[in-house]
Amino acid sequence: FTLEKFSAFQADLALNWSKRLSEFRKTRSKNAARYAGCYGIPLHGGFRSIPDLIRFPVLTESRAAKMRLLENSALQGLGVADAYPDTIDGIAGLVTGGAAGRFPEAKNIVERLVTLPLHQFVREGDQGRIAELINNGGRNRV
């Protein structure tokens, strides 16, 4: 590719990028702490403090709970997302050496894992609604 000068729009986007990045990190950290603290949603992975996350991972109780959670989140515009399409051994073109189906625990995690939004546009009320959905096994109380 060829290197070209930034357009005025791109230059404006890059202005103060390190300060904005620091602010984004602080907001994500605050939102992650709220999920883990106020709403009691466990952060899996053995972390002693909240790492710099882009999204907050949650392991639901079952695949059915995950699907209910994703459906109700979509209906309410809450931004809960599926984490992975499948395990590596289940993605065509990535399987080598007869590995298909040899990772049942990874499959179990993929079937139950979702991620929650942490960006600056997530309101505290939305986080409360997300937490309520999670705590109700993905069922909508509205």
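What you are looking at is a predicted structure, and each value in this text was computed from that prediction instead of being measured. (Residues numbered from 1 in each chain as written. Predicted model: local features only at pLDDT ≥ 70, side-chain atom pairs only at ≥ 80, totals over all residues. Heavy atoms only, no water.)

A separate point is the overall build of the protein chain. When you go through the protein chain residue by residue, the secondary structure sums to five helices and three strands. Ordered by position from N to C terminus, the α and β elements of the protein chain give α-α-β-α-β-α-β-α. Across the 142 residues of the protein chain, 29% fall into the buried class. In the protein chain, of all internal contacts separated by at least 6 residues, the share reaching a separation of at least 24 is 69%. (Helix = DSSP H or I, 4+ residues; strand = E, 2+ residues; numbered from the N terminus. Buried < 20%, exposed > 50% of the residue type's maximum accessible area, 1.4 Å probe, protein only. Contact = heavy atoms within 4.5 Å.)

A few words now on helix α5 (residues 124–135). At 3.6 residues per turn, the α-helix brings residues three or four places apart onto the same side. Taking 1.5 Å of rise per residue, twelve residues should cover 16 Å, and α5 covers 16 Å from first to last C-alpha, within 8% of that figure. D126, Q127, I130, A131, L133 and I134 are the residues of α5 that are buried. An end-on view of α5 places all buried positions within 160 degrees of arc, on one side of the element. G137 lies just past α5 and shows a positive phi near 65 degrees. (Expected span 1.5 Å × (residues − 1). Arc of directions from axis to C-beta.)

If you look at the biggest cluster of nonpolar residues, it comprises 19 residues, and the most contacted ones within it are Y35, I41, F56 and L116. Mapped onto this core, the elements with two or more residues apiece are α2 (17–36), β1 (55–59), α3 (63–76), β3 (113–117) and α5. Among residues more than four places away in sequence, those in contact with F56 are A32, Y35, A36, I41, P42, L43, V114, T115, L116 and L118. (Core = buried A, V, L, I, M, F, W, Y, C linked by side-chain atoms within 4.5 Å.)

The next thing to look at is the pairing of β3. With five of five residues buried, β3 is to be regarded as a mostly interior element. Here β1 runs beside β3; their pairing, made up of five bridges, is antiparallel. Along β3, the bridge assignment pairs L59 with L113. Bridge count for strand β2 (residues 81–82) against β3 is two bridges, and the pairing is antiparallel. Bridge pairing in β3 places A81 opposite T115. (Pairing = 2+ DSSP bridges.)

Moving on, we get to unusual backbone geometry. Within the chain, N16 stands out as a residue other than glycine whose phi angle is a positive 55 degrees. The topology assignment puts N16 in the loop between α1 (8–14) and α2.

What follows covers the packing of aromatic side chains. As enumerated under the stated definition, the model contains one aromatic pair in all. Taken together, a centroid distance of 5.3 Å and an interplanar angle of 45 degrees make the contact between Y35 and F56 tilted. Placement of Y35 in helix α2 and of F56 in strand β1 is noted, with a sequence separation of 21 residues between them. Each member of the pair, Y35 as well as F56, is classed as buried. (Phe/Tyr/Trp six-rings, centres within 6.5 Å; stacked < 30°, edge-to-face > 60°.)

Hydrogen bonds between backbone groups are what pair the strands of a sheet, and the pairing can be parallel or antiparallel. Taken in spatial order, the three strands line up as β1-β3-β2 in an open sheet, and their pairing is antiparallel. A single partner strand is all that each edge strand has here, and the edge strands are β1 and β2. Sitting on the sheet, α3 is in contact with β2 and β3, with an inclination near 30 degrees to β3. Sheet contacts for helix α4 (residues 104–112): β1 and β3; angle to β3, the most-contacted strand, approximately 40 degrees. (Axes fitted to C-alpha atoms, helices over the stretch in contact; angles between N-to-C directions.)

No statement about biological role is implied by the geometric values presented.
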